[in-house]
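Coordinates in review
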Amino acid sequence: MSVSIPAPRSQRIDPKYKRGPKSRGSFEMLAWLFMRLSGVVLIILIFGHLFSNLMVGEGISGIGFGFVAGKWASPLWQFWDLAMLWLAMLHGTNGVRTIINDYAEKHATRAWLKGILYVATIFIIVLGSLVIFTFDPCVTGSTLPQC
Amino acid sequence: MSKTSSGTLYRGHEGMWSWVGHRVTGVVIFLYLLVHVLDTAMVRVDAGAYDAIISTYQTPWMALGETGLVAAILFHAFNGLRLILVDFWKQGTKYQRQMLWGVLILWVIVFAGFAIRHLSIAFGSH
C-alpha cells in the first residue's frame, strides 16, 4: 500500500520575508574575525589593567589623580590604555550592533538604535583618545610636587 | 530534560545558556566601559574632581559592584576563548560542553582570587 504524502503547502517560509541586498561584501565576515582577534588581545590588555590597578600595591585604595599621572608618564601605559580603549569600544559596539540586529525588528527602530550606538561610540573613542594624548599632570587642582 | 514537552519553546542546554551569559555579560561590560571612559576623562578637567569621583569607587558598596563587574569580565573572557576554540579547533564543537565546564572551573578559581584580594582591600582599614 502506498502512502501519498501531500505536497508542502507553503512554498516559502514567509512570503513577506525578504532578504536584504544580496551582497554585503565581506564586512560581516571581517566583523566576525575582528571579534575573535580583538577578544584575545583584550584579554591581555584588560587582565593587565585590572592586575596593575586593583591587585598590586594598595589596589583600589591607591587610585587617584597621582596614580593616573604616574601611569601615563610611561609611553607603554599610554599605548596600553589607548589600544584598550579602541579595541574594547569597537568590540563592544559590534556586539551591541549584533544584538540590535537580532531583537529590533522594525527597520526604523534598528536604524535609530544603531545610529545612537555609533554616535556614542565615536564620542567615547574621540574623548578617551584626547584625554590620553593631552593629559596634563599639572591640570587645575593638581597637587603633584612637580607643579 | 522533560521528554513530555510538546511546546515550541526552545529550551537549550549548556550551549544556549553560555550564549545567554555571553550576551548579558557583554552588555553589562559595554555599559560600564562608557561610564568608565567618562569618569576617567575628569583627569583632563580637574584633579580634585577626579579624586572625588574615584573615591565613590572606593566605597564598600561599589567594591561589591566592581567584584560583580570583574565576574562578568572573567566569564566573558574565558567563554570567549571557548568560542574561538569552537570556531577554529577541529574538535571544538565536539567538546564545547566539556570546555564550558572548564570555563566555569577556571572562572571560579580566578574570580575567588580576585574577590579575596579586592574585597579585603576595599573593606580593609586603608
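Residues numbered from 1 in each chain as written. Chains lettered and ligands numbered in written order. Predicted model: local features only at pLDDT ≥ 70, side-chain atom pairs only at ≥ 80, totals over all residues.

Quick look at the overall build of chain B now. Secondary structure summary: chain B contains 4 helices and 0 strands in total. In terms of overall size, chain B is more extended than a compact globule, its C-alpha atoms giving a radius of gyration of 19 Å where 126 residues would be expected to give roughly 14 Å. Dimensions along the principal axes, computed over C-alpha positions, put chain B at roughly 60 × 35 × 30 Å. Across the 126 residues in chain B, those meeting the buried criterion constitute 24%. Taking the contacts inside chain B whose residues are at least 6 apart along the sequence as the reference set, 72% of them involve residues at least 24 apart. (Helix = DSSP H or I, 4+ residues; strand = E, 2+ residues; numbered from the N terminus. Rg over C-alpha atoms; globule rule 2.2 N^0.38 Å. Buried ≥ 20, exposed ≤ 12 C-beta atoms within 10 Å, placed from the backbone. Contact = placed C-beta atoms within 7 Å.)

The next point concerns the environment of A:Met84. All names here are of chain A. By secondary structure assignment, the location of Met84 is in helix H3 (residues 75-103). Judged by the 19 C-beta atoms lying within 10 Å of it, Met84 falls in the partly exposed class. Placed 24 residues apart in sequence, Met84 and Ile60 show a C-alpha to C-alpha distance of 19 Å. Setting aside its immediate chain neighbours within four residues, Met84 contacts Leu45, Ile46 and His49.

This part is about the UniProt feature "transmembrane region" (unreviewed entry) in chain A. Residues and elements named next belong to chain A. The UniProt record marks residues 29-52, 72-90 and 111-135 with the feature "transmembrane region" (unreviewed entry), using the residue numbering of this structure. With 100% helix and 0% strand, residues 29-52 has end C-alpha atoms that lie 35 Å from one another. In residues 72-90, helix accounts for 89% and strand for 0%; the two terminal C-alpha atoms are 23 Å from one another. (UniProt positions renumbered as here; feature names shortened; annotations may be inferred.)

Within the element layout of this structure, B:Gly68 appears in helix H3 (residues 60-88). Residue B:Gly68 is classed as partly exposed on the basis of its C-beta count, with 13 C-beta atoms lying within 10 Å.

This part takes up the nonpolar core. Ranked by size, the top nonpolar core spans 18 residues in total, and within it A:Ala88, A:Met89, B:Leu33, B:Ile73, B:Leu74 and B:Phe78 carry the most contacts. Those elements that place two or more of their residues in this core are helix H1 (27-55) and H3 of chain A together with helix H1 (14-40), H3 and helix H4 (96-122) of chain B. Residue contributions to this core peak at 5 residues, all from H3(B). Residues A:Ala69, A:Ile132, B:Ala47 and B:Tyr50 belong to the second largest nonpolar core, which totals 10 residues. (Core = buried A, V, L, I, M, F, W, Y, C linked by C-beta atoms within 7 Å.)

What follows concerns the interface of chain A and chain B. On the chain B side, the residues contacting the 34 residues of chain A number 33 residues. For the side of chain A that touches chain B, the secondary-structure elements that each account for two or more residues are H1, helix H2 (65-72), H3 and helix H4 (107-133) of chain A. Split by residue class, the side of chain A that touches chain B holds 20 nonpolar, 12 polar and 2 charged. (Nonpolar A, V, L, I, M, F, W, Y, C, P; charged D, E, K, R; others polar.)

Let us now look at the packing of H3(B) against H4(B). All names here are of chain B. Close contact between H3 and H4 brings their axes to 9 Å; oriented N to C, the two are set at 155°. One element, H3, and the other, H4, form an angle in the roughly antiparallel class. For the pair H3 and H4, the sense of crossing is right-handed. Residues that form the contact of H3 with H4 fall into these classes: 20 nonpolar, 4 polar and 2 charged. (Axes fitted to C-alpha atoms, helices over the stretch in contact; angles between N-to-C directions. Parallel < 35°, antiparallel > 145°, perpendicular 65-115°, else oblique. Left-handed = near helix turned anticlockwise from the far one by under 90°.)

Let's shift gears to the environment of A:Leu37. All names here are of chain A. Tracing the sequence through the fold places Leu37 in helix H1. On the basis of neighbour count, Leu37 is assigned to the exposed category, with 12 C-beta atoms found within 10 Å. Distance in space between the C-alpha atoms of Leu37 and Ala104 is 27 Å, their sequence separation being 67 residues.

A word on the packing of H3(A) against H4(A). Residue and element names in this part refer to chain A. Where H3 contacts H4, the two axes come as close as 10 Å, and the packing angle between them is 175°. Relative to H4, the element H3 lies roughly antiparallel. Contact residues: Gln78, Asp81, Leu82, Leu85, Trp86, Met89, Thr93, Val96, Arg97, Ile100 and Asn101 in H3; Arg110, Leu113, Lys114, Leu117, Thr121, Ile124, Ile125, Gly128, Ser129 and Ile132 in H4. Within the contact of H3 with H4, the residues separate by chemical class into 11 nonpolar, 6 polar and 4 charged.

All names here are of chain B. The feature "transmembrane region" (unreviewed entry), as given by UniProt, occupies residues 20-38, 58-78 and 99-123 in the numbering adopted here. Here residues 20-38 runs as 100% helix and 0% strand, with 28 Å between its end C-alpha atoms. The span residues 99-123 is 96% helix and 0% strand, and its two end C-alpha atoms sit 35 Å from each other.

A few words on H3(A). Taking 1.5 Å per residue as the helical rise, H3(A) with its 29 residues ought to reach 42 Å, and the 42 Å between its terminal C-alpha atoms agrees with that figure. Taken together, the buried positions of H3(A) are occupied by A:Asp81, A:Leu85, A:Ala88, A:Met89, A:His91, A:Gly92, A:Thr93, A:Gly95 and A:Val96. As for H3(A), its buried residues are in contact with H1 and H4 of chain A together with H1 of chain B. (Expected span 1.5 Å × (residues − 1).)

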